[in-house]
Amino acid sequence: MPEGATDNKGPVLTYLNTMDSIIAAEGTLPLNVKLLVEGEEEIGSPNIERFAREHRRMLKADTLAMSDTTRYSTRVPAIHYGYRGLVNMQIEVTGPVFSVHSGVFGGIVRNPAMVLARILCHLKDDDGRVTIPGFYDHVRRVEQWERKEMANLPVDDVALRKYLGVDTLAPEQGYTLLESRYVRPTLDVTGISGGYEGEGMKTIIPHRAGAKVSIRLVPDQKADVIGPLVADYICSLALPGSRVTIPHWYGNDPMLTPTDTPAMAVAKRAIEYGFGRRPVLVRSGGTVGAVTALHRELGIENILMMGWSSPEDGAHAPNEHFSLEDFDRGMKTVAALLYGLAQLKESEMTKISS
């Protein structure tokens, strides 16, 4: 199962409970439903593409609905019509074959922790822009209608800073807060390790130091292009007396979906029924590799990414939670979605037969 309460066990259960309730009341569902639950989303869904390729007939569908996204805000529901891609990689820097005494060998051997720090500082500038040559070469220009839609969305930066516990926010220079959050590529260090990490001090030069880097991609960046590009640049920053390697990286491509389809209209009405408010259309800053794989392997064009969760549910945090109120709203939305898609299917079949 997916790992967290709001990301994504709670939303998955809204579909299960809703279908169970409909079957209990009606004896059957209003349309054929295939439920796919995969638990590898947080590591890039490495096996879903092969699974979909091997089971195309079993998984064939007209519409793909998923809820591994969030509402725009606590009060404003959303449908996500796209999301960023992802490249995750591990950086390893090694020096001496074992950790050595800093008083005896300091000044004559390269310190892997210092080399790693130097590398990381070369990846972005102070304005939030990635400095790797060629990184932005294939970034698609954001449509004017998208920038206009984002400009019209409410943004409470004071509340956001309070929620995050920071004094200031740091969007990429030349872009708004929402543009930086949803439609621009990013590069972030997600973890650093190496040397002595226990209580007190230990006077050593570490044998190794490592970092984990997460890169979010936007259309038309490709993971199999950006991954090697970043890896080669990082390895080029090695200093004599140190060795820099990228032992592992994986990636998913970004994706955009049509916003003017009949299925999308059904999804909008379903969310309005469940949450009492018309949803806004936004892109997601996150990544859902399974959707990309299913779209590519199965050719599904109707993709509905509808989130029940609140951005304040603390996804990936120690106190991640999913409210019972949102659970109830999500189930109502799923019910409206199933019946709405069934009516749409019936209408399309009537047109074909006539």
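Residues numbered from 1 in each chain as written. Predicted model: local features only at pLDDT ≥ 70, side-chain atom pairs only at ≥ 80, totals over all residues. Heavy atoms only, no water.

A.B. asks: Any chance you could explain the sheet that holds strand β7 (residues 208-217) here in plain terms?
C.D. replies: Strand pairs in the sheet, formed through backbone hydrogen bonds, run parallel or antiparallel to each other. If you trace the 4 strands from one edge of the open sheet to the other, you get β5-β7-β3-β8, paired in antiparallel fashion. Looking along the sheet, the strands with just one partner apiece sit at the ends: β5 (186-194) and β8 (243-252). Neighbour to neighbour, the strand axes of the sheet diverge by 15 degrees on average, direction disregarded. Sheet topology places β5 next to β7; 8 bridges connect them, and they run antiparallel. Bridged to S193 within β7 is G210. Contacting β3 (85-94), β5, β7 and β8, helix α5 (residues 112-121) crosses the sheet at an angle of about 15 degrees to β7. The strands touched by helix α9 (residues 223-236) within the sheet are β3, β7 and β8, with β8 carrying the most contacts at an inclination of about 165 degrees. (Pairing = 2+ DSSP bridges. Helix = DSSP H or I, 4+ residues; strand = E, 2+ residues; numbered from the N terminus. Axes fitted to C-alpha atoms, helices over the stretch in contact; angles between N-to-C directions. Contact = heavy atoms within 4.5 Å.)

A.B. asks: I keep staring at the side chain of E320 and nothing clicks. Help me out?
C.D. replies: Relative to the helices and strands, E320 resides in the loop between β11 (302-306) and α12 (324-353). At 3.1 Å, the side chain of E320 and the backbone nitrogen of T6 are in polar contact. At 2.8 Å, the side chain of E320 and the backbone nitrogen of D7 are in polar contact. Ignoring sequence-local partners within four residues, the contact set of E320 consists of G4, A5, T6, D7, D313, G314 and A315. (Polar contact = N/O pair within 3.5 Å; in protein donor to acceptor, adjacent residues only side chain to side chain.)

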